[in-house]
There are 2 protein chains.
Amino acid sequence: MEYNDKQQQIISTAEKLFASNGFDGTSVRDIATEAGVNLAMISYYFGSKEKLMQAVFAMRTEHMRLRFQTLLENKDLAPLQKVYLLVDDYIDKILEQQEFHKIMMREQMINKNSAIALMICETKKRNMELIKKLINEGQKAGQFKKNIDVMLLMTTLIGTTSQLVTTQHFYREVSNHQDMPDDEFQKHLKKKLSTHLKSLFKALLTYEN
Amino acid sequence: MEYNDKQQQIISTAEKLFASNGFDGTSVRDIATEAGVNLAMISYYFGSKEKLMQAVFAMRTEHMRLRFQTLLENKDLAPLQKVYLLVDDYIDKILEQQEFHKIMMREQMINKNSAIALMICETKKRNMELIKKLINEGQKAGQFKKNIDVMLLMTTLIGTTSQLVTTQHFYREVSNHQDMPDDEFQKHLKKKLSTHLKSLFKALLTYEN
DNA sequence: AAAAACTAATTAAACGTTTGTTTAGTATTA
DNA sequence: TAATACTAAACAAACGTTTAATTAGTTTTT
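Residues numbered from 1 in each chain as written. Chains lettered and ligands numbered in written order. Predicted model: local features only at pLDDT ≥ 70, side-chain atom pairs only at ≥ 80, totals over all residues. Heavy atoms only, no water.

## Some thoughts on the overall build of chain A
- For chain A, the helix and strand inventory stands at eleven helices and zero strands.
- Its helices and strands in sequence order give chain A the pattern α-α-α-α-α-α-α-α-α-α-α, from N to C terminus.
- Expressed along its principal axes, the backbone C-alpha trace of chain A runs to roughly 60 × 40 × 30 Å.
- Taken over 209 residues, chain A has a buried fraction of 52%.
- Charge separation in chain A, taken as the distance between the mean sites of 29 positive and 26 negative side-chain charges, equals 5 Å. (Helix = DSSP H or I, 4+ residues; strand = E, 2+ residues; numbered from the N terminus. Buried < 20%, exposed > 50% of the residue type's maximum accessible area, 1.4 Å probe, protein only. Lys, Arg positive; Asp, Glu negative; His and termini not counted. Charge placed at Lys NZ, Arg CZ, Asp CG, Glu CD.)

Structural data, given as structure tokens:
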């Protein structure tokens, strides 16, 4: 689907407002005002508020697939290095689209059986299969230990990242980074999270205990 | 604050509906119908929908404080064992009140500066100070390594638990536990999570790398 | 002990807003 | 001139809250 400037403007405004106020907490009038368009344009272009939400999802998920897959094809890297690449790739993806990620997390909590929830579920399954393959490689190479619960590993990856993203204002306060410009803080966040998750993965994948 | 039977009924119905549909996604009429009380009783008893939400929070947070503190006073346990106790205590607490936890997570995302968000923030800070003390003990005893980022440690604890709780239906499906009765599944979840987080904490606190 | 006065609990109905969506008409563009 | 873009106004439904009236239970007065 291709959108003109005005439609793009509506979509990104909707994304921002849905992220900070929730779907039900955002009125179509809020979106129209903030986007600087007439109220009726939203129904005109998207049909309904619900379909506008779906447009937000469509935009964000369109180029999301197949991002990990190239990792597996690179045979030159050690299994652990591949896992590190995957972790950084995931962190990048989430930090790049924080607003959308918030929406996704909330939708996952609320609508257990909506079309959107099913889509999230499918993406997760696909990603899990990829990670499983990657870990199997490492196990066959004798570099990873046996009995690794991939599901819990993913849960920690997703959970830690989500938690840090949604409570970054808290992190900013506690670590006295309130005066830091936001782009610099984002870099700091990424670096910290990357280091943390990598040492965590290394421990869970390689150490016997 | 003490509540009569009817008020309790309203509060727990509200908790359930807020958890599954969100605050804005739940109407006062929904709550009244589900709780089997007249619509006006909610305003009569609680003043407003917002104050009803606060009542839910008040109920759940009243006896939440000082739960960890006894852990620190027990001098007979090794530092790592104390951390293990803390992890299990946290898991128990979250799994006991999953519905409320969902509400809290969502509120944290949305209302960055509400009274509720501030309360959550304070609780977190207090808990972090306790964990810091606990870790310092272990470091002085030479059993924990230096340079431990307590904030990220907490983020992983909270994040992993939250993520597993909110996507437990997914976990159920992937691990083929759909036919398992719910109380048994909850026990299974608790056990899995406990093992996972403990080995994770052990790695992050003790191994040098 | 009976009657009256008072308090709290409960109800159906209505209040004024806000909601998402539609309509009917006007401007713009190709 | 035909199609598309756009607008102000109106729509009915749903919303949180309030009202006025009724019931039930307790206290006070006679």
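After that view of the structure, there is still more to cover.
## Things to note about the protein's contact with DNA strand D
- Of all residues adjacent to DNA strand D, which total 16 residues, the nearest are Asn-38 and Tyr-45 of chain A together with Val-28, Arg-29 and Lys-49 of chain B.
- At the protein interface, 55% of the atoms of DNA strand D within 4 Å belong to sugar or phosphate.
- At 2.8 Å, a backbone N or O of Val-28 of chain B approaches a phosphate oxygen of DNA strand D.
- Contact between DNA strand D and Arg-29 of chain B: a base nitrogen at 2.8 Å from a side-chain N or O atom of the residue.
- Broken down by secondary-structure element, the contributors of at least two residues to the surface near DNA strand D are α3 (39–46) of chain A together with α2 (28–35) and α3 (39–46) of chain B.
- In terms of residues, the surface near DNA strand D owes the most to one element, α3 of chain A, which gives four residues. (Near = heavy atom within 4 Å. Polar contact = N/O pair within 3.5 Å; in protein donor to acceptor, adjacent residues only side chain to side chain.)

## Quick look at the protein's contact with DNA strand C
- The environment of DNA strand C is made up of 16 residues, and the closest members are Val-28, Arg-29 and Lys-49 of chain A together with Asn-38 and Tyr-44 of chain B.
- Within 4 Å of the protein, the contacting atoms of DNA strand C are 52% sugar and phosphate, with bases supplying the remainder.
- In the model, a phosphate oxygen of DNA strand C is placed 2.8 Å from a nitrogen or oxygen of the Val-28 of chain A main chain.
- Between DNA strand C and Tyr-45 of chain B, the relevant distance is 3.1 Å, taken from a phosphate oxygen to a side-chain nitrogen or oxygen of the residue.
- Looking at the surface near DNA strand C, the elements with two or more residues in it are α2 (28–35) and α3 of chain A together with α3 of chain B.
- In terms of residue count, the dominant contributor to the surface near DNA strand C is α3 of chain B (four residues).
- Its residues placed into classes, the surface near DNA strand C shows seven nonpolar, five polar and four charged. (Nonpolar A, V, L, I, M, F, W, Y, C, P; charged D, E, K, R; others polar.)

## Points about helix α7 (residues 98–110) of chain A
Residue and element names in this part refer to chain A.
- Across its 13 residues, α7 extends 19 Å between first and last C-alpha, which sits within 8% of the 18 Å expected from 1.5 Å per residue.
- Of all the 13 residues making up α7, twelve are buried; the element is thus mostly covered by neighbouring parts of the structure.
- By the burial criterion, the buried members of α7 are Gln-98, Phe-100, His-101, Lys-102, Ile-103, Met-104, Met-105, Arg-106, Glu-107, Gln-108, Met-109 and Ile-110. (Expected span 1.5 Å × (residues − 1).)

## A look at the interface of chain A and chain B
- Taken together, the contacts link 44 residues of chain A with 44 residues of chain B.
- Note on chain A versus chain B: buried area summed over both sides is about 4300 Å², and carbon and sulfur give 68% of it.
- Between the two partners, chain A and chain B, sit four salt bridges.
- Of the charged contacts, one joins Glu-173 of chain A and Lys-125 of chain B as a salt bridge, the two residues approaching to 2.5 Å between their closest N and O atoms.
- At the boundary of chain A and chain B, one finds ten residue pairs in polar contact (both at pLDDT 80 or more).
- Put simply, the parts of the chain that give the side of chain A that touches chain B at least two residues each are α1 (5–21), α7, α8 (115–140), α9 (150–166), α10 (168–174) and α11 (182–206) of chain A.
- Each residue belonging to the side of chain A that touches chain B can be placed in one class, and the counts come to 17 nonpolar, 16 polar and eleven charged. (Contact = heavy atoms within 4.5 Å. Buried area = accessible area lost by both parts, 1.4 Å probe. Salt bridge = Lys/Arg side-chain N within 4 Å of Asp/Glu carboxyl O.)

## Section: the relation of the copies chain A and chain B
- Mapping chain A onto chain B is achieved by rotating through 180° and translating by 0.0 Å along the same axis, at an RMSD of 0.1 Å. Those values place the two copies in the arrangement expected of a two-fold rotation axis. No C-alpha of chain A approaches the rotation axis more nearly than that of Gly-159 of chain A, which lies at 2.1 Å.
- A high fraction, 100%, of the interface residues of chain A reappear at the interface in chain B, so the copies pair face to face through one surface. (Least-squares fit on C-alpha atoms with pLDDT ≥ 70 in both.)

## Side note on the packing of aromatic side chains
- Scanning all chains against the criterion turns up ten aromatic pairs over all chains.
- Aromatic pair Phe-57 of chain A and Phe-100 of chain A: ring centres 4.9 Å apart, planes at 70°, arrangement edge-to-face. You can see Phe-57 of chain A sitting in helix α4 (residues 49–62) and its partner Phe-100 of chain A sitting in helix α7, a full 43 residues away along the chain. In terms of burial, Phe-57 of chain A and Phe-100 of chain A fall into one category: buried.
- Between Phe-18 of chain B and Phe-23 of chain B, the aromatic rings sit 5.2 Å apart at their centres with planes inclined by 45°, giving tilted as the arrangement.
- Overall, the relative accessible area of 1% leaves Phe-18 of chain B in the buried class.
- Above the plane of the ring of Phe-23 of chain A lies Lys-49 of chain A, whose end atom (NZ or CZ) is 4.4 Å from the centre.
- The side chain of Arg-172 of chain A reaches across the aromatic face of Phe-185 of chain A, ending 4.4 Å from its centre. (Phe/Tyr/Trp six-rings, centres within 6.5 Å; stacked < 30°, edge-to-face > 60°. Lys NZ or Arg CZ within 6 Å of the ring centre and 35° of its normal.)

## So, the environment of Lys-49 of chain B
Residue and element names in this part refer to chain B.
- Along the polypeptide, Lys-49 turns up in helix α4 (residues 49–62).
- Note: C-alpha distance between Lys-49 and Asn-74 (25 residues apart in sequence) is 43 Å.
- Setting aside residues no more than four positions away along its own chain, Lys-49 makes contact with Phe-18, Phe-23, Asp-24, Thr-26 and Val-28.
- From its side chain, Lys-49 meets the backbone oxygen of Thr-26 in a polar contact 2.8 Å long.

## Let's talk about the environment of Glu-50 of chain B
Residue and element names in this part refer to chain B.
- Its location among the elements puts Glu-50 in helix α4.
- With relative accessibility at 42%, the residue Glu-50 sits in the partly exposed group.
- Remark: the alpha-carbon pair of Glu-50 and Thr-161, spanning 111 residues in sequence, is separated by 28 Å.

## A short note on the nonpolar core
- Among the nonpolar cores identified, the biggest contains 78 residues, and Ile-135, Phe-201 and Leu-205 of chain A together with Ile-135, Phe-201 and Leu-205 of chain B are the most heavily contacted of them.
- With residues near it in sequence (within four places) discarded, Phe-201 of chain A still touches Val-83, Val-87, Leu-153 and Leu-157 of chain A.
- Ala-32, Ala-35, Leu-52 and Ile-120 of chain A belong to the second-largest nonpolar core, a separate cluster that totals 24 residues. (Core = buried A, V, L, I, M, F, W, Y, C linked by side-chain atoms within 4.5 Å.)

## Things to note about the side chain of Thr-161 of chain A
- Considering the arrangement of structural elements, one finds Thr-161 of chain A in helix α9.
- Discounting chain neighbours no more than four positions away, the residues touching Thr-161 of chain A are Tyr-90, Ile-94, Leu-193 and Leu-197 of chain A.

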